[in-house]
Amino acid sequence: MTRVRTVLGDIRPDELGVCDAHDHLFLRSPRLPGQELDDLCAARSELAAFRAAGGAAVVQWTPYGMGRRAADLPELSRVTGVRIVCATGLHQAAHYDPASLARLRGGRLADLFVSELTEGIGTTGVRAGFIKVAGGFHGLDAHARRTMTAAAEAHHATGAPVAVHLELGTGALDVLDLLCGELGVPGERVILGHLNRSPDPVTHRQAAASGCWLAFDGPSRAHHATDWRMPEAVRALAEAGFGDRLLLGGDTVTAGARSVDGGPGMPYLLRRVRQRLAEAVGADLVDRILGEHPGRAFGSAWT
């Protein structure tokens, strides 16, 4: 039976509700010095603001070793009434210090991912609900191939979805060739993130034909000139018959981007993006993208 694995336990996909399918409550990285998301009160306020805007669930894509604060997530979910899905997996090598990365490479990554999916993260008892990995700019380096191979092994052991950070939206077909072609992960178990950052309609259609999920996330971010093209990209996919493969997310990665700190934050997805996309593809499809698709994308028949 298909279930979404939240930090408070497994639920039916239709119980997830209106969902921000890619965001971050907590995150720290050497690539973002001084901009860490590590404030518990701010995270609570951001979730409360999202809830007030009509949100019911958030999928946190922060993977292993980047300050997930998994122990704090269940109480945040209980206090705010927002369901939270947490990630295992690894980001690009640049997001880790060399010593930590060397230790990880010395062990079996797949075993780590499986343990966090089935037993819990550290001693918290909080189980991850999906695996997050990352590609590079227009390609896959050795680190990406290693982490994706481990993610595929963990998927085959558990049924967990695999979500992929595409650097500036590029490399989607290389990722699918590896995960789905070489490693045998079904397309419908793969979520490709940041496609809005590379609005190439041909690549979008080719990726969608694999059966994977296409996430348009991180709207209204500074210097993302492709933002205004997102509605037309979503409309093109819907008109090509792929409207049932789409997801939306906010991808808040720095403190200044939170709504409680003056940025767009999680509520922007429902305050502005929802209405803008409704003009392009209709409110019914946008409602399904926000309220139905995330449960299907992140739901799994866990083994």
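For the structure, see preceding data.
Everything quoted here is computed from the prediction, not taken from an experiment.

**Student:** For this particular structure, what's the right way to read the overall build of the protein chain?
**Tutor:** Counting secondary structure elements, the protein chain contains eleven helices and twelve strands. In terms of C-alpha radius of gyration, the protein chain reaches 17 Å, essentially the compact-globule figure of 19 Å for 303 residues. Seen through its C-alpha atoms, the protein chain measures out along the principal axes to roughly 50 × 45 × 40 Å. Of the contacts made within the protein chain by residues no fewer than 6 positions apart, 76% connect residues no fewer than 24 positions apart. Only carbon and sulfur atoms are counted for the fraction: they give 50% of the accessible area of the protein chain, which is about 11600 Å². In the protein chain, 32 positive and 34 negative side-chain charges are present, and the distance between their average locations comes to 2 Å.

**Student:** Explain the packing of aromatic side chains here, please?
**Tutor:** What describes a pair of aromatic rings is the distance from one ring centre to the other and the angle between the planes of the rings. Here the structure, examined in full by the defined rule, presents two aromatic pairs. With a centroid separation of 5.2 Å and 75° between ring planes, the pair formed by phenylalanine 130 and phenylalanine 298 is classed as edge-to-face. Pair noted here: phenylalanine 130 is in strand 7 (residues 130-134) and phenylalanine 298 is in helix 11 (residues 293-298), with a separation of 168 residues, a long-range link. One exposure class covers both phenylalanine 130 and phenylalanine 298, and it is buried. Here the guanidinium or amino end of arginine 5 rests over the ring plane of tryptophan 302, the centre of that ring lying 4.2 Å away.

**Student:** Sorry, what's going on with the nonpolar core here?
**Tutor:** For soluble globular proteins, nonpolar side chains are generally found buried alongside one another. Among the nonpolar cores identified, the biggest contains 76 residues, and Ile131, Met148, Val164, Leu179, Leu192, Leu214 and Phe216 are the most heavily contacted of them. Each residue touching leucine 192, except ones within four places of it in the same chain, is listed here: Val164, Leu166, Ala172, Val175, Leu176, Ala207, Cys212, Trp213, Leu214 and Ala215. Core analysis: the second largest hydrophobic core is formed by 18 residues, Ala57, Val85, Ala215 and Phe298 among them.

**Student:** Is there a simple way to explain the side chain of arginine 197 in this structure?
**Tutor:** As for its placement among the helices and strands, arginine 197 is situated in the loop between strand 9 (190-193) and helix 7 (201-208). A polar side-chain atom of arginine 197 sits 2.9 Å from a polar atom in the side chain of aspartate 251.

**Student:** What should I look at first to understand helix 7 in this one?
**Tutor:** Every α-helix carries 3.6 residues per turn, so stepping three or four residues along brings you back to the same face. Along helix 7, the residues classified as buried are His204, Ala207 and Ala208. Take helix 7 and look down its axis: the buried residues cluster within an arc of 95°, on one side only. Each element contacted by the buried residues of helix 7 is listed here: helix 6 (172-182), strand 9, strand 10 (213-217) and helix 8 (230-242). For helix 7, the capping residue at the N-terminal end is aspartate 200, with a side-chain oxygen 3.0 Å from the backbone nitrogen of valine 202.

**Student:** Sorry, what's going on with the environment of glycine 81 here?
**Tutor:** Summarising the element assignment, glycine 81 is placed in the loop between helix 2 (73-80) and strand 5 (83-85). For the pair glycine 81 and alanine 57, spaced 24 residues apart in sequence, the C-alpha to C-alpha distance is 8.6 Å. Ignoring anything within four residues of it in the chain, the contact list for glycine 81 reads Arg51 and Ala56.

**Student:** Would you take a moment to explain the pattern of salt bridges for this structure?
**Tutor:** Working definition: two side chains of opposite charge can pair if their charged atoms are close together. This model, assessed by the stated rule, comprises 16 salt bridges. In this structure, aspartate 251 and arginine 197 form a salt bridge, with 2.9 Å as the shortest nitrogen-oxygen distance. Taken together, the positions of aspartate 251 in the loop between strand 11 (246-249) and helix 9 (268-281) and arginine 197 in the loop between strand 9 and helix 7 put the pair 54 residues apart, joining distant regions of the chain. For the pair aspartate 251 and arginine 197, one class covers both residues: buried. Residue aspartate 261 is joined to arginine 258 by a salt bridge in which the shortest nitrogen-to-oxygen separation is 2.9 Å. Look at arginine 258 and you get buried, because its relative accessible area is 6%. Several salt bridges share partner residues, and in doing so they unite Arg28, Asp38, Arg69 and Asp72 into one network.

**Student:** What am I meant to see in the pairing of strand 7 here?
**Tutor:** The side chains of a regular strand alternate between both faces of the sheet. For strand 7, the buried fraction is high: five of the five residues fall into the buried class. Because side chains alternate across strand 7, one face comprises the buried residues Phe130, Lys132 and Ala134, and the other comprises Ile131 and Val133, equally buried. Running through helix 5 (residues 142-158), the crossover from strand 7 to the neighbouring parallel element strand 8 (residues 162-165) is right-handed.

**Student:** Is there a simple way to think about the packing of helix 9 against helix 10 (residues 283-291) in this case?
**Tutor:** In a pair of packed helices, the angle between the axes and the distance between the axes together describe the arrangement. Relative to each other, helix 9 and helix 10 sit at 135°, their axes nearing to 7 Å. One way to sum up the angle between helix 9 and helix 10 is to call them oblique. Helix 9 and helix 10 meet at a crossing whose hand is right-handed. From helix 9, Leu269, Leu270, Arg274, Leu277, Ala278 and Val281 reach across to helix 10, where they touch Ala283, Leu285, Val286, Asp287 and Leu290. Here the contact of helix 9 with helix 10 is built from residues that sort into nine nonpolar, no polar and two charged.

**Student:** I'm lost on the side chain of threonine 170 in this one. Help?
**Tutor:** Secondary-structure assignment places threonine 170 in the loop between strand 8 and helix 6. A polar contact of 2.7 Å, which involves the side chain of threonine 170, links it to the backbone nitrogen of histidine 138. With residues up to four places along the chain from it excluded, the contact list for threonine 170 reads Gly136, Phe137, His138 and Ser198.

**Student:** Is there a simple way to think about the sheet that holds strand 7 in this case?
**Tutor:** By way of backbone hydrogen bonds, the strands of a sheet pair with one another, either parallel or antiparallel. Taken together, the six strands give an open sheet; going across it, the order is 6-7-8-9-10-11, and neighbouring strands pair in parallel fashion. One side of each edge strand has no neighbouring strand; the edge strands of this open sheet are strand 6 (87-89) and strand 11. With strand direction ignored, the average angle separating the axes of adjacent strands in the sheet is 30°. Sheet analysis places strand 8 next to strand 9, joined by four bridges and oriented parallel.

Procedures and definitions
- Residues numbered from 1 in each chain as written.
- Predicted model: local features only at pLDDT ≥ 70, side-chain atom pairs only at ≥ 80, totals over all residues.
- Heavy atoms only, no water.
- Helix = DSSP H or I, 4+ residues; strand = E, 2+ residues; numbered from the N terminus.
- Rg over C-alpha atoms; globule rule 2.2 N^0.38 Å.
- Contact = heavy atoms within 4.5 Å.
- Areas by Shrake-Rupley, 256 points an atom, 1.4 Å probe, with all protein chains shown as cover.
- Lys, Arg positive; Asp, Glu negative; His and termini not counted.
- Charge placed at Lys NZ, Arg CZ, Asp CG, Glu CD.
- Phe/Tyr/Trp six-rings, centres within 6.5 Å; stacked < 30°, edge-to-face > 60°.
- Buried < 20%, exposed > 50% of the residue type's maximum accessible area, 1.4 Å probe, protein only.
- Lys NZ or Arg CZ within 6 Å of the ring centre and 35° of its normal.
- Core = buried A, V, L, I, M, F, W, Y, C linked by side-chain atoms within 4.5 Å.
- Polar contact = N/O pair within 3.5 Å; in protein donor to acceptor, adjacent residues only side chain to side chain.
- Arc of directions from axis to C-beta.
- Salt bridge = Lys/Arg side-chain N within 4 Å of Asp/Glu carboxyl O.
- Right-handed = clockwise from strand over helix to strand, strands pointing away.
- Axes fitted to C-alpha atoms, helices over the stretch in contact; angles between N-to-C directions.
- Parallel < 35°, antiparallel > 145°, perpendicular 65-115°, else oblique.
- Left-handed = near helix turned anticlockwise from the far one by under 90°.
- Nonpolar A, V, L, I, M, F, W, Y, C, P; charged D, E, K, R; others polar.
- Pairing = 2+ DSSP bridges.

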